[in-house]
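This is what each chain is made of:
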Amino acid sequence: MDPTPAPPPPFAVHLVNGSGSSPEFALLLRSLAAASIVALDAEWKPRRRGSPAAAAPGNGGSPAAAPAPAPPQFPTVTLLQVACRSGKGDRGEVFVVDLLAVPLADLWAPLRDLFERPDVLKLGFRFKQDLVYLSATFAAALGGDSGFNRVEPFLDVTNVYYYLKGHDRQKKLPKETKSLATICEELLSVSLSKELQCSDWSCRPLSEGQIQYAASDAFYLLVIFDLFQQKITTEGNCLSTSELTSDSHCSPTVIECSSSEYDISSGGNLMSLVTKYSEKILLTESETKPRSSRRKEKLKLPTNAKCKDKVDCSTEWQGPPPWDPSIGGDGYPKFLCDVMIEGLAKHLRCVGIDAAIPSSKKPEPRELLNQTYKEGRVLLTRDVKLLRYQYLASNQVYRVKSLLKHDQLAEVIDTFQLKISEDQLMSRCTKCNGSFIQKPLTIEEAVEASKGFQVIPPCLFNRNLEFWKCTDCNQLYWEGTQYHNAVQKFLSVCNISD
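Residues numbered from 1 in each chain as written. Predicted model: local features only at pLDDT ≥ 70, side-chain atom pairs only at ≥ 80, totals over all residues. Heavy atoms only, no water.

Participant: What exactly am I supposed to notice about the packing of helix α1 (residues 23–34) against helix α2 (residues 104–116) here?
Facilitator: Any two packed helices are characterised by how steeply their axes cross, that is the angle between the axes, and by the distance between the axes. α2 packs onto α1 with a crossing angle of 20° between their chain directions and a minimal axis gap of 10 Å. What the angle tells us is that α1 and α2 run roughly parallel. Every pair of crossing elements has a handedness; the one defined by α1 and α2 is left-handed. Two secondary-structure elements touch here, α1 through Phe25, Leu28, Leu29 and Leu32 and α2 through Asp106, Leu107, Pro110 and Leu114. For the contact of α1 with α2, the class distribution of residues is seven nonpolar, no polar and one charged. (Axes fitted to C-alpha atoms, helices over the stretch in contact; angles between N-to-C directions. Helix = DSSP H or I, 4+ residues; strand = E, 2+ residues; numbered from the N terminus. Parallel < 35°, antiparallel > 145°, perpendicular 65-115°, else oblique. Left-handed = near helix turned anticlockwise from the far one by under 90°. Contact = heavy atoms within 4.5 Å. Nonpolar A, V, L, I, M, F, W, Y, C, P; charged D, E, K, R; others polar.)

Participant: Sorry, what's going on with unusual backbone geometry here?
Facilitator: As a rule of thumb, non-glycine residues mostly have phi less than zero, and peptide bonds are mostly trans rather than cis. Note the cis peptide between Glu152 and Pro153, where omega equals -5°. Secondary-structure assignment places Pro153 in strand β7 (residues 150–156). At the junction of Arg204 and Pro205, the peptide bond is cis and its omega measures out at 5° in the coordinates. On the secondary structure map, Pro205 appears in the loop between β8 (190–191) and α6 (208–235). Although it is not a glycine, Met426 sits at a positive phi angle of roughly 55°. Structurally, Met426 can be placed in the loop between α12 (405–415) and α13 (443–450).

Participant: Teacher, can you tell me more about the nonpolar core here?
Facilitator: Grouped burial of nonpolar side chains is what soluble globular proteins tend to show. Judged by nonpolar contacts, the single largest core of 41 residues is most densely connected at Leu123, Leu155, Ile224 and Phe228. Broken down by secondary-structure element, the contributors of at least two residues to this core are β3 (37–44), β4 (77–85), β5 (93–98), β6 (121–124), α4 (157–164), α5 (180–188) and α6. The element contributing the most residues to this core is α6, with 13 residues. Those residues in contact with Ile224, other than ones at most four positions away along the chain, are Val157, Val160, Leu164, Leu180, Ile183, Cys184, Leu187 and Leu188. (Core = buried A, V, L, I, M, F, W, Y, C linked by side-chain atoms within 4.5 Å. Buried < 20%, exposed > 50% of the residue type's maximum accessible area, 1.4 Å probe, protein only.)

Participant: Any chance you could explain the pairing of β6 here in plain terms?
Facilitator: Side chains Leu121 and Leu123 project from β6 onto one buried face, and the interleaved Lys122 and Gly124 project onto a second face that is buried too. One ladder, built from three bridges, connects β3 with β6; its direction is parallel. Paired with Ala39 across the two strands is Leu123, which belongs to β6. As judged from the three bridges shared by β6 and β7, these two strands associate in the parallel manner. Bridging from a neighbouring strand, Lys122 pairs with Phe154 of β7. (Pairing = 2+ DSSP bridges.)

Participant: Which parts of the structure should I look at to understand the environment of Leu465?
Facilitator: Tracing the backbone through its elements, the reader meets Leu465 in the loop between α13 and β15 (467–469). Along the sequence, Leu465 and Glu479 sit 14 residues apart, while their C-alpha atoms lie 6.8 Å from each other. Residues within four places of Leu465 in sequence aside, it is in contact with Leu441, Leu460, Trp478 and Glu479.

Participant: Just to check I follow, could you spell out α6 for this structure?
Facilitator: Residue pairs three or four apart in sequence face the same way in an α-helix, which turns once every 3.6 residues. Compared with the 40 Å implied by 1.5 Å per residue over 28 residues, the 41 Å span of α6 between its first and last C-alpha is a close match. The sharpest bend along α6 reaches about 25° and sits at Ser216. (Expected span 1.5 Å × (residues − 1). Bend = angle between axes of the 7 residues up to and from the residue.)

Participant: What's the story with α1 in this structure? I'm lost.
Facilitator: The terminal C-alpha atoms of α1 lie 17 Å apart, and with 12 residues this matches the ideal 16 Å at 1.5 Å per residue to within 8%. Taken as a whole, α1 has its buried residues at Phe25, Leu27, Leu28, Ser31 and Leu32. The arc that holds the buried residues of α1, viewed along the axis, is 160°, so those residues lie on one side. Facing away from the buried side of α1 by over 90 degrees, the exposed positions are Pro23, Arg30 and Ala33. (Arc of directions from axis to C-beta.)

Below, the structure written as structure tokens:
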């Protein structure tokens, strides 16, 4: 079955948004000074490319001169997440630091010392970009020399993941790195919701959901490290740094220090991990300077270009969908959710709507449009650039405006006037979009069907339950607590009366 949603971190989350004399800020500094392991993450408001600039007034009848493009800038980091642990048995502390509110001048030196202290292992997930933006944020606020250019010793959770999954260390790591949500799902059976990933992190106050989302990203880095440390301890096996790390963003290094000089873990083996598996992040001068978009030449298309004549970038839905009987459709709504909103596909399946996902992991726009056209679907996306390709599949692309999955589902239902009945709820396979067999299985039939494929909890054996099997992927479902909770949730979202 699908992994359970991530529970809140099992200890308090400290929101640091006060002055340098506030209790939370003081606790943060004490925790940083005492820590032996620190997990780091950051959030920022993404900059949008191609936002229209205000036109300058023209002279007489001559055309208005195009305004000079603004110099490129890095996004401003607005939130820093820090999960600290001082030693074995320490439950640790999780801090969500509001960089728009705290005094950066008071935080810069402790943070720089933390990044460079050899007796503190820093954990992160593809943290180099975070460090570039974080450095630029502090430099812009405090002056050119107030950035950060190194984190050492450092351990990337991506490399830890491949080690725990038994990746052949003689081979290079795959170029397509897993997301943190995927890593947590595979290693911890915990589902990290990414609904708030693209929210506006510059708006205040932060919602409770944003705070918990941000804190969870840092907290679960520590949990994944615990698995790694346990495996190393169990195997009694220490490999060279180059065998574990091959991330092009970080340079392998060995920290030359002895356990007697840095006793950073009463467990006795953390120092060995630092020595054998740590790496470092070093920023070059060119990496600390933002570059102009490499796509600027592509933006200089002539006004009479073919695609410009045919593209309607309206975000409103217009005309009948391809399944409309008036244009020869079969009356059954069908959607294709691109990779940015695959979570919406599961929600649509939960209310009985046929919702597919792309046939490849990183599809090109033409691939998406081809699949949309061939299968008679409407492509749902949050990528406004895809609207430029609408002329390839007329009236079959809709840009979803809402951010959260529940709101996205309600938006799609309202936009396309979908009629959802209670009988449709939980009638499709959320895993593959397949249909269920018409006749339910008994417990005996379900146990037989699940052999070597799926584990049915023993607590269900004495309950009078019906089991349903997907005709495509053979996934089994039953009407347990999770099912009834989901039904109640979607009754509300779809405005269906009990």
